[in-house]
Amino acid sequence: MIQISQMSDEDEREANYFAMHLLVPSKMLQADLQGDFSLNLFDDDRLDKLAKKYGVSRTVMFLRIHEEAAKPPKRVA
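Residues numbered from 1 in each chain as written. Predicted model: local features only at pLDDT ≥ 70, side-chain atom pairs only at ≥ 80, totals over all residues. Heavy atoms only, no water.

Points about the packing of helix α1 (residues 9-23) against helix α4 (residues 58-70)
Turning to step 1, where the next piece is worked out: In the contact formed by α1 and α4, the axes pass within 11 Å of each other and the chain directions differ by 85°. Relative to α4, the element α1 is oriented roughly perpendicular. Facing Tyr17, Met20 and His21 of α1, the residues of α4 in contact are Val60, Leu63, Arg64 and Glu67.
Turning to step 2, where the next piece is worked out: Taken together, the residues that form the contact of α1 with α4 break down as 4 nonpolar, 1 polar and 2 charged. (Axes fitted to C-alpha atoms, helices over the stretch in contact; angles between N-to-C directions. Helix = DSSP H or I, 4+ residues; strand = E, 2+ residues; numbered from the N terminus. Parallel < 35°, antiparallel > 145°, perpendicular 65-115°, else oblique. Contact = heavy atoms within 4.5 Å. Nonpolar A, V, L, I, M, F, W, Y, C, P; charged D, E, K, R; others polar.)

In structure tokens:
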């Protein structure tokens, strides 16, 4: 078993990335945003509602929204 003190910064980043995507799946977040990724940093109400829905911090929600917004649009065949 790995002890916390043996984890590298990279291990911790990978664990955080995995947790963010497990708790806030892309498809669910995209459905909630309905294509509107223009979250205003000062739109506290919307950010708080989404964070509460997924049970994550505002920071995690902010990061996930911006991550989704940075994805190229899917091409329709």
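Focus on the pattern of salt bridges
Turning to step 1, where the next piece is worked out: Under the definition given, this model contains 7 salt bridges.
Turning to step 2, where the next piece is worked out: Residue Arg13 pairs with Glu10 through a salt bridge whose shortest N-O separation is 3.0 Å. Note that Arg13 and Glu10 are positioned in helix α1 at a spacing of 3 residues, about one turn of the helix.
Turning to step 3, where the next piece is worked out: Residue classification places Glu10 among the partly exposed residues on the basis of a relative accessible area of 39%.
Turning to step 4, where the next piece is worked out: Across the pair Glu67 and Arg64 runs a salt bridge, and its minimum N-O distance is 2.5 Å. Of this pair, Glu67 and Arg64 are both found in helix α4, 3 residues apart, which corresponds to roughly one turn of the helix. (Salt bridge = Lys/Arg side-chain N within 4 Å of Asp/Glu carboxyl O. Buried < 20%, exposed > 50% of the residue type's maximum accessible area, 1.4 Å probe, protein only.)

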